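# Remarks on the overall topology
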Amino acid sequence: MGRKYAIRNQESFYFVTFTVVYWLDVFTRIEYRNILLESIRHCQNEKGLNVGAWCIMTNHAHMIIGSEGKFNLEDIIRDMKSYTSRHIRKYMENNPLESRKHWMIWMMQRAGKKKSNNKDFQFWQQHNHPIELTSNELIEQRLDYIHNNPVKAGFVKTPSDWLYSSARDYEGRKGLLEIFYLD
């Protein structure tokens with residue numbers, strides 16, 4: 001049985017969401033956000049990932065992504081999620097200042113034991129709900145959604161005030177990642 005949401009066209013851009021299991025607020029810590037950014041940059045430089053837009057929230061990340069064709073997009077996503085999962089876990093386990101360490105690791109181990117395809121740990125929820133962006137209207141809608149996410153959450157007044165987003169790139173300022181502008 002096929003999944004309703006799947007990457008079927010490698011030449012398209014997709015809106016995806018990566019969510020931490022149990023919606024744990026992992027990305028309140030800069031160290032974990034930096035691990036995710038490092039993984040995205042690696043995929044951009046080595047695997048041909050094009051990032052059209054992005055936003056890291058406290059427990060999830062939204063992106064509009066495509067591939068230059070070096071690797072299939074689903075393989076890039078798999079590698080990015082695998083890298084961040086392993087490295088965030090390692091950092092968390094070895095960080096004596098992480099006050100939530102034992103509880104978060106316990107929750108992620110609990111999630112991992114519920115899925116037969118995991119060994120003992122799960123950081124990300126299994127699915128990323130890829131939505132192919134087949135029109136300018138869909139692209140604009142998802143760009144607005146991504147960039148306004150921190151505003152709607154009450155973290156900032158304007159989208160470009162959120163450092164962990166591509167909103168500032170779309171206003172002509174340099175952000176934290178290289179952007180493939182969607183026109």
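Residues numbered from 1 in each chain as written. Predicted model: local features only at pLDDT ≥ 70, side-chain atom pairs only at ≥ 80, totals over all residues. Heavy atoms only, no water.

Okay, the overall build of the protein chain next. The number of helices and strands found in the protein chain is four helices and four strands. Listing each helix as α and each strand as β along the protein chain from the N terminus yields β-α-β-β-α-α-β-α. Its C-alpha atoms give the protein chain a radius of gyration of 16 Å, near enough to 16 Å, the size a compact globule of 183 residues would have. Taken along its principal axes, the extent of the C-alpha atoms in the protein chain is 45 × 45 × 30 Å. Across the protein chain, the fraction of contacts at a sequence separation of at least 24, relative to all contacts at a separation of at least 6, is 67%. Total accessible area computed for the protein chain in this model is approximately 9,900 Å², and 50% of it derives from carbon and sulfur atoms. (Helix = DSSP H or I, 4+ residues; strand = E, 2+ residues; numbered from the N terminus. Rg over C-alpha atoms; globule rule 2.2 N^0.38 Å. Contact = heavy atoms within 4.5 Å. Areas by Shrake-Rupley, 256 points an atom, 1.4 Å probe, with all protein chains shown as cover.)

What follows is about unusual backbone geometry. Notably, Y22 is not glycine yet its phi reads approximately 55°, a positive angle. Within the secondary structure layout, Y22 lies in the loop between β1 (14-19) and α1 (30-47). Even without being glycine, H129 reaches a positive phi, approximately 50°. Mapped onto the elements, H129 comes out in the loop between α3 (101-113) and β4 (131-132). When its relative accessible area of 37% is taken as the criterion, H129 is described as partly exposed. (Buried < 20%, exposed > 50% of the residue type's maximum accessible area, 1.4 Å probe, protein only.)

Direction vectors running N to C along α1 and helix α2 (residues 73-94) enclose 150°, while the axes themselves pass 9 Å from each other. As α1 packs across α2, the resulting crossing turns out to be right-handed. Along the contact surface, α1 presents E31, Y32, I35, L36, E38, S39, I40, C43 and K47, while α2 presents I76, D79, M80, Y83, T84, H87, I88, Y91 and M92. For the contact of α1 with α2, the class distribution of residues is eleven nonpolar, three polar and four charged. (Axes fitted to C-alpha atoms, helices over the stretch in contact; angles between N-to-C directions. Left-handed = near helix turned anticlockwise from the far one by under 90°. Nonpolar A, V, L, I, M, F, W, Y, C, P; charged D, E, K, R; others polar.)

In this section: the packing of aromatic side chains. Per the stated rule, a full pass over the model turns up nine aromatic pairs. Put simply, the rings of F18, F27, F123 and W124 touch in pairs and so form one group of aromatic residues. The ring of Y164 is capped by R33, whose NZ or CZ atom sits 4.3 Å from the centre of that ring. Positioned over the ring face of F71 is K47, at 4.7 Å from the centre of the ring. (Phe/Tyr/Trp six-rings, centres within 6.5 Å; stacked < 30°, edge-to-face > 60°. Lys NZ or Arg CZ within 6 Å of the ring centre and 35° of its normal.)

Turning next to α2. Turn by turn, an α-helix covers 3.6 residues, leaving residues three or four places apart pointing in a common direction. With 22 residues, α2 should cover 32 Å at 1.5 Å per step; its first-to-last C-alpha distance of 32 Å lies within 8% of that length. Against the buried residues of α2 lie β1, α1, β2 (49-56), β3 (60-67) and α3. (Expected span 1.5 Å × (residues − 1).)

By themselves these figures say nothing about function.
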